[in-house]
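The lines below spell out each chain.
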Amino acid sequence: MPLDPLRLTLANGAAMLAKETSTNPSVTMLVGIRAGTYYDPEGKEGAAALVARVLDRGTRTRSAEDIADELDGRGASLSVIAGRHQLTVSATCLAEDFAAIFSLVADIIQRPAFDEREVITKRADLLTSILQDEDDPAAVAVDSLMSRLYPDHPYGRRARGTTATVEQLTRPDLVDFHRRWFTPESAILIVVGDIDPPR
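These figures come from a predicted structure and were not determined experimentally. (Residues numbered from 1 in each chain as written. Predicted model: local features only at pLDDT ≥ 70, side-chain atom pairs only at ≥ 80, totals over all residues. Heavy atoms only, no water.)

Focus on the overall build of the chain
Across its full length, the chain carries 7 helices and 6 strands. Along the chain direction, N to C, the helices and strands of the chain fall in the order β-β-β-α-α-β-β-α-α-α-α-α-β. For 199 residues, the compact-globule estimate of 2.2 N^0.38 gives 16 Å, and the chain sits close to it at 18 Å. In terms of overall dimensions, the chain has C-alpha extents of about 45 × 35 × 35 Å along its principal axes. Relative to its full complement of 199 residues, the chain shows a buried share of 40%. Pairs at least 24 apart in sequence give 81% of the contacts found in the chain among residues at least 6 apart. Counting only carbon and sulfur atoms, one obtains 53% of the accessible surface of the chain, whose full area is about 10800 Å². (Helix = DSSP H or I, 4+ residues; strand = E, 2+ residues; numbered from the N terminus. Rg over C-alpha atoms; globule rule 2.2 N^0.38 Å. Buried < 20%, exposed > 50% of the residue type's maximum accessible area, 1.4 Å probe, protein only. Contact = heavy atoms within 4.5 Å. Areas by Shrake-Rupley, 256 points an atom, 1.4 Å probe, with all protein chains shown as cover.)

Structure below.
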């Protein structure tokens, strides 16, 4: 099967790739946004990692429970991951549920609530992960190597931040990060599955 996806740049600057495969009646979508840990503000390292943890925990119109119920009810999966350069939101669902899950993913990306309680809970989870990394020789070795290779560059910073920087992150920091980096021109949408690419 040749890899020849439909490629578009939308009027708002977002890029899109779509590829039809009919091996099974499902669709996978991935939205990559140039909002990874590389873009953490100085002194607020860990912002992208915390945004990724809170992003799907409610929107302005849906609670975290509403989102979970929608996904469970349709047998769909969703994940949010902050990488070095991109924050990615991916979802897989049945083809018949594509419109509903696509709408859900768009809502999560465009209108996150950043509920204060969720920020507090997920910040604590992130701090626990950072402390676990500090007890992991492999993670310590990678952090040490990166800081020596890139002493004055974002690559030299710890991707999840430090306990000191993450403890200071607040809801307004996440709202500001989202406002600054979650823009159409920084996004690429990839859709693969039992779909009609032009549609």
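Picking up after the structure, the text goes on.
Comments concerning the environment of Arg 84
Its location among the elements puts Arg 84 in the loop between strand 4 (77-82) and strand 5 (87-94). Arg 84 sits in the partly exposed class, given a relative accessible area of 27%. It is 9.8 Å that separates the C-alpha atoms of Arg 84 and Asp 40, two residues lying 44 residues apart in sequence. Apart from the residues within four sequence positions on either side, Arg 84 is in contact with Gly 36, Thr 37, Tyr 38, Met 146, Pro 154, Tyr 155, Arg 157 and Ala 159. Side-chain polar atoms of Arg 84 contact the backbone oxygen of Arg 157, separated by 3.4 Å. (Polar contact = N/O pair within 3.5 Å; in protein donor to acceptor, adjacent residues only side chain to side chain.)

So, unusual backbone geometry
The phi torsion at Phe 114 lies on the positive side, around 50 degrees, for a residue other than glycine. Assignment of secondary structure puts Phe 114 in the loop between helix 3 (98-110) and helix 4 (116-134). Judged by relative accessible area, Phe 114 falls into the buried class, the value being 3%.

So, the environment of Ser 77
Relative to the assigned elements, Ser 77 resides in strand 4. Judged by its relative accessible area of 40%, Ser 77 falls in the partly exposed class. Residues Ser 77 and Val 142 lie 65 residues apart in sequence; the distance between their C-alpha atoms is 31 Å. Every residue in contact with Ser 77, bar those within four places of it in the chain, is listed here: Ser 90, Ala 91 and Thr 92.

Some points on the pairing of strand 6 (residues 187-193)
The alternating pattern of strand 6 places Ala 187, Leu 189, Val 191 and Gly 193 on a buried face and Ile 188, Ile 190 and Val 192 on a face that is not buried. Relative to strand 6, strand 2 (residues 15-20) is paired through 6 bridges, and the arrangement is parallel. Its bridge partner being in strand 6, Met 16 is matched across the sheet by Leu 189. (Pairing = 2+ DSSP bridges.)

Things to note about the sheet that holds strand 6
If you trace the 6 strands from one edge of the open sheet to the other, you get 1-2-6-3-5-4, paired in mixed fashion. Two strands in the sheet have a free side with no partner beyond their single neighbour: strand 1 (6-9) and strand 4. Direction aside, neighbouring strands of the sheet carry axes that sit 10 degrees apart on average. Along the sheet face, helix 1 (residues 47-54) touches strand 4 and strand 5 and points at about 170 degrees away from the line of strand 4. (Axes fitted to C-alpha atoms, helices over the stretch in contact; angles between N-to-C directions.)

Quick word on the nonpolar core
Core analysis: the largest hydrophobic core is formed by 45 residues, its most contacted members being Leu 55, Leu 87, Ile 101, Val 105 and Phe 182. At 7 residues, helix 1 tops the list of elements feeding residues into this core. Non-local contacts of Val 105, meaning those with residues more than four positions away in its chain, are made with Met 29, Val 31, Leu 78, Val 89 and Ala 91. (Core = buried A, V, L, I, M, F, W, Y, C linked by side-chain atoms within 4.5 Å.)

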